[in-house]
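# Summary of structural features
Spelled out, the chains give:
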Amino acid sequence: MAGSTHRDTPGVRVWGNAGPIEFSLGGMWQGGEFNAAKNGPTRSVSAYSFNAQVAWRFRNLIGHPTLGIQADDISGGNTRKSTTSSWGNFLSPFVPSAYALDLSTYIGNSNLIDVGPMMTIAPTSNTSLLLKVPVVWRNSVNDGVYSNPTALYSFRPRGGYTATMPQASFTWRATRHISLSLDGEYLFASQSMINAGARSGAYVQSNLELTF
């Protein structure tokens, strides 16, 4: 739905280690108002975002691997409600890192629920490998699918299941000032997404970072 919005977003995040367990837990609530375009009605905003990562680090194994799970619950709107009801679509106050969920940025951090395994390992002292397989659903089937940064796609699929996205990211820190990374992902779009106009596809990116 077109319009303008004002958002207030208090939040909290707790992270750290508890023995071999590494965790990051965060949540944000969003208030404010949404003003529909062309002098449409003004609706209050009540949205939320919960993010969690919990992993177990095997410190005695080569590469000190971690094995864990990531889960996110980010609210969506409901355009089928009355125009005076609250607007529930969460709008991220910043552009999330691509590594947070979707390397390709095809799926954005709005109106989604995801859960999936994740693993990290350091094959050598100056390399690291991240593996993830998030499975994504829409939080509200009455709202659409968003990209990252948050932009609503024109298609509207049926059903909640959106995609499964196996992905990998390898980083080599060649020197103190030079790093090279290679990222890859394949997005398996759901049949309802394909029927609505989306497509499955591969994504590969390499980055050379110079730090001074």
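Residues numbered from 1 in each chain as written. Predicted model: local features only at pLDDT ≥ 70, side-chain atom pairs only at ≥ 80, totals over all residues. Heavy atoms only, no water.

## Section: the overall build of the protein
A count of helical and extended segments in the protein gives one helix and 15 strands. Projected onto its principal axes, the C-alpha positions of the protein cover 60 × 35 × 35 Å. Here the protein holds 212 residues, and 35% of them are scored as buried. If you take every contact in the protein between residues at least 6 apart in sequence, the share linking residues at least 24 apart comes to 60%. (Helix = DSSP H or I, 4+ residues; strand = E, 2+ residues; numbered from the N terminus. Buried < 20%, exposed > 50% of the residue type's maximum accessible area, 1.4 Å probe, protein only. Contact = heavy atoms within 4.5 Å.)

## Observations concerning the side chain of S24
Secondary-structure assignment places S24 in strand β3 (residues 21-36). Among the polar contacts made by the side chain of S24, one reaches the side chain of R13 at a distance of 3.1 Å. Those residues in contact with S24 that lie beyond four places of it in its chain are R13, V14, W15, N51, A52 and Q53. (Polar contact = N/O pair within 3.5 Å; in protein donor to acceptor, adjacent residues only side chain to side chain.)

## What to know about unusual backbone geometry
Peptide bonds are mostly trans, and most non-glycine residues show a negative phi. Even without glycine at this site, H64 takes up a positive phi of about 45°. By the secondary structure assignment, H64 is in the loop between β5 (47-57) and β6 (66-74). Here the phi dihedral of T105 falls at roughly 60°; this positive angle occurs in a residue that is not glycine. Topologically, T105 is positioned in the loop between β6 and β7 (112-121). For T105, a relative accessible area of 28% corresponds to the partly exposed category.

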